[in-house]
Amino acid sequence: MKHLLLAVLLATMPAGAQIEKIIIPAGTPEEKAIQAASAETDAQKRVAMWQDFLKQFASNPQAVAYGNWQLSQQSLDQGDNAKALDYGEKAVAAQANNMEILLSVTTAAQRMKDNGKIVEYASRGGAAFNGIARQAKPAGMEDDAFALKIKQDQDPWRSSYEYLEAAGLNAIVAEEDAKKRMGYVEQYMAAFPNSRLQEQVMQMAVYTLAQLQDSKRLSSFSEKALAADPNGMSTLVVLAVAFAEFQDPALATRSETYARKALGLPQTQTKLDDDQYRLYSGLAHSALGYALMRQDKTLPAITELKTASTELKGHTDSYA
């Protein structure tokens, strides 16, 4: 059944401070050194100049953040991903909520296939972006004007935020260790509340908790998932399969309930094309058959599994 639940998930895939910026005043020695290093065309000489920049301005946190960020970018360009990640983390240590730096270090972590760091730095970016909405409203400002101000403050960073949002989810999906994955899910959900990818994140949480056989937390997450998407066929099917994983007959009954609700949804309400609808319908019949088996209802279980077999023939992984 774990393979069945993963098939459902694959079918559905498509907190802190505000964003900081590096400020180097014009005309300062730091600004002149930045101009000189940026103008250097030889890559090796440019790296040496940025390293010297860090030594020269080690007492200036803004310069430290900028220098390490530039060295991280240089290392990425040269294909040295480990060094890029190292410099990127030093830049983050100097300025924790800089969206440009967080994008850079997330990219380095992606190239290193380090799921934990991808989620960590993507989540930092998400928290910084959402922190903009938690700023204090200026005295005397109308609510509509304040909402517009927040939107205007967020808009320059929205594409970066959405990139980090997707990168974090992809890292969660790629993580094979269920305990680590669940930790990443919780970290991600705190940083990206009301995410446009919330359905997929909830389903990944359900899948992971089923793997961990944590029925108590699964029950809690199922309520959240259904609150976010009460008539979502994919969500209902994921829940049906997840609860069918447990030996407890009461949980098998919940599985049956979710499967029957999914099968009772008209195709027009699901907004799925014919092929997708057949896939989810087949998975729902399969989960229902498994739930009925858990309850020793063998004959109706056989009927459901036969139906599932027919509907899933065109979908190799799910059929297997």
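About the criteria used
Residues numbered from 1 in each chain as written. Predicted model: local features only at pLDDT ≥ 70, side-chain atom pairs only at ≥ 80, totals over all residues. Heavy atoms only, no water. Helix = DSSP H or I, 4+ residues; strand = E, 2+ residues; numbered from the N terminus. Rg over C-alpha atoms; globule rule 2.2 N^0.38 Å. Buried < 20%, exposed > 50% of the residue type's maximum accessible area, 1.4 Å probe, protein only. Areas by Shrake-Rupley, 256 points an atom, 1.4 Å probe, with all protein chains shown as cover. Lys, Arg positive; Asp, Glu negative; His and termini not counted. Charge placed at Lys NZ, Arg CZ, Asp CG, Glu CD. Expected span 1.5 Å × (residues − 1). Salt bridge = Lys/Arg side-chain N within 4 Å of Asp/Glu carboxyl O. Contact = heavy atoms within 4.5 Å. Polar contact = N/O pair within 3.5 Å; in protein donor to acceptor, adjacent residues only side chain to side chain. Core = buried A, V, L, I, M, F, W, Y, C linked by side-chain atoms within 4.5 Å. pLDDT = per-residue confidence, 0-100. Phe/Tyr/Trp six-rings, centres within 6.5 Å; stacked < 30°, edge-to-face > 60°. Lys NZ or Arg CZ within 6 Å of the ring centre and 35° of its normal. Axes fitted to C-alpha atoms, helices over the stretch in contact; angles between N-to-C directions. Parallel < 35°, antiparallel > 145°, perpendicular 65-115°, else oblique.

**Focus on the overall build of the chain**
- Along the backbone of the chain there are 18 helices and zero strands.
- Over its C-alpha atoms the chain spans a radius of gyration of 25 Å, topping by over 25% the 20 Å that the globule rule assigns to 320 residues.
- Overall, the chain is about 80 × 50 × 35 Å in size when its C-alpha atoms are taken along their principal axes.
- Classification of the 320 residues of the chain by burial places 49% in the buried group.
- For the chain, the accessible area works out to roughly 15,600 Å², and carbon and sulfur atoms hold 51% of it.
- Mean positive and mean negative side-chain charge positions of the chain (33 and 38 charges, respectively) differ by 2 Å.

**Some words on helix H7 (residues 115-131)**
- Compared with the 24 Å implied by 1.5 Å per residue over 17 residues, the 24 Å span of H7 between its first and last C-alpha is a close match.
- Burial analysis of H7 places 14 of its 17 residues in the buried class, which makes it a mostly covered element.

**Some thoughts on the pattern of salt bridges**
- If you walk through the whole model with that rule in mind, you get 13 salt bridges.
- Between Asp155 and Arg158 there is a salt bridge whose closest N-O contact spans 3.1 Å.
- According to the relative accessible area criterion, Asp155 is partly exposed, its value standing at 33%.
- Ionic pairing is found between Glu256 and Arg260, a salt bridge with its closest N-O pair at 3.0 Å. Taken together, the residues Glu256 and Arg260, both in helix H14 (residues 249-263) and four residues apart, mark about one turn of the helix.
- With a relative accessible area of 42%, Arg260 lands in the partly exposed category.
- Several salt bridges share partner residues, and in doing so they unite Lys151, Asp155 and Arg158 into one network.

**Quick word on the environment of Ser72**
- Turning to its location among the elements, Ser72 is positioned in helix H4 (residues 61-77).
- Of the residues examined, Ser72 reaches a relative accessible area of 0% and is grouped as buried.
- Residues Ser72 and Ser104, 32 residues apart in the sequence, show an inter-C-alpha distance of 7.5 Å.

**A short note on H14**
- A rise of 1.5 Å per residue sets the reference length of H14, with its 15 residues, at 21 Å; its end C-alpha atoms lie 21 Å apart and thus fit the reference within 8%.
- Structurally, H14 contributes buried residues whose contacts are with helix H12 (215-228), helix H13 (233-244) and helix H16 (274-294).
- The N-capping residue of H14, defined by a side-chain oxygen 2.9 Å from the backbone nitrogen of Ala250, is Asp248.

**Some words on the environment of Arg46**
- The topology assignment puts Arg46 in helix H3 (residues 43-56).
- Residue classification places Arg46 among the buried positions, given a relative accessible area of 17%.
- For the pair Arg46 and Pro266, spaced 220 residues apart in sequence, the C-alpha to C-alpha distance is 62 Å.

**Considering the nonpolar core**
- Grouped together as the largest cluster of nonpolar side chains are 91 residues, with contacts concentrated most on Met233 and Val237.
- Met233 has contacts with Ala262, Leu265, Thr270, Leu272, Tyr277, Tyr280 and Ser281, leaving out every residue within four places of it along the chain.

**Concerning the confidence of the model for the chain**
- Taken residue by residue, the chain gives an average pLDDT of 89. The fraction at 70 or more is 95%.
- Of the regions scoring below 50 in pLDDT, residues 4-16 engages in 37 contacts with residues more than four places distant in sequence or in other chains.

**Section: the side chain of Arg46**
- Among buried Asp, Glu, Lys and Arg side chains, Arg46 stands out as unpaired, with Asp77 the closest opposite charge at 5.9 Å.
- A distance of 2.6 Å separates a polar atom in the side chain of Arg46 from the backbone oxygen of Glu40.
- Those residues within four positions of Arg46 in sequence are excluded, and the remaining contacts are Ala37, Glu40, Thr41 and Gln74.

**Some remarks on the packing of aromatic side chains**
- Considering all chains together, one arrives at eight aromatic pairs under this definition.
- Note on Trp50 and Phe53: the rings are 5.4 Å apart at their centroids and 80° apart in plane angle, and the pair reads as edge-to-face. Of this pair, Trp50 and Phe53 are both found in helix H3, three residues apart, which corresponds to roughly one turn of the helix. A single burial state applies to Trp50 and to Phe53, both of which are buried.
- One aromatic cluster is present, built from ring pairs that chain together Trp50, Phe53, Phe57, Tyr66 and Trp69.
- The ring of Phe221 carries Lys224 above its face, with NZ or CZ at 5.0 Å from the centroid.

**Quick word on the packing of H12 against H13**
- Closest axis-to-axis distance for the H12/H13 pair is 10 Å, and the angle between their directions is 170°. Classified by the interaxial angle, the pair formed by H12 and H13 is roughly antiparallel. Across from Leu218, Ser219, Ser222, Ala225 and Leu226 in H12, the residues of H13 making contact are Thr235, Leu236, Leu239, Ala242 and Phe243.

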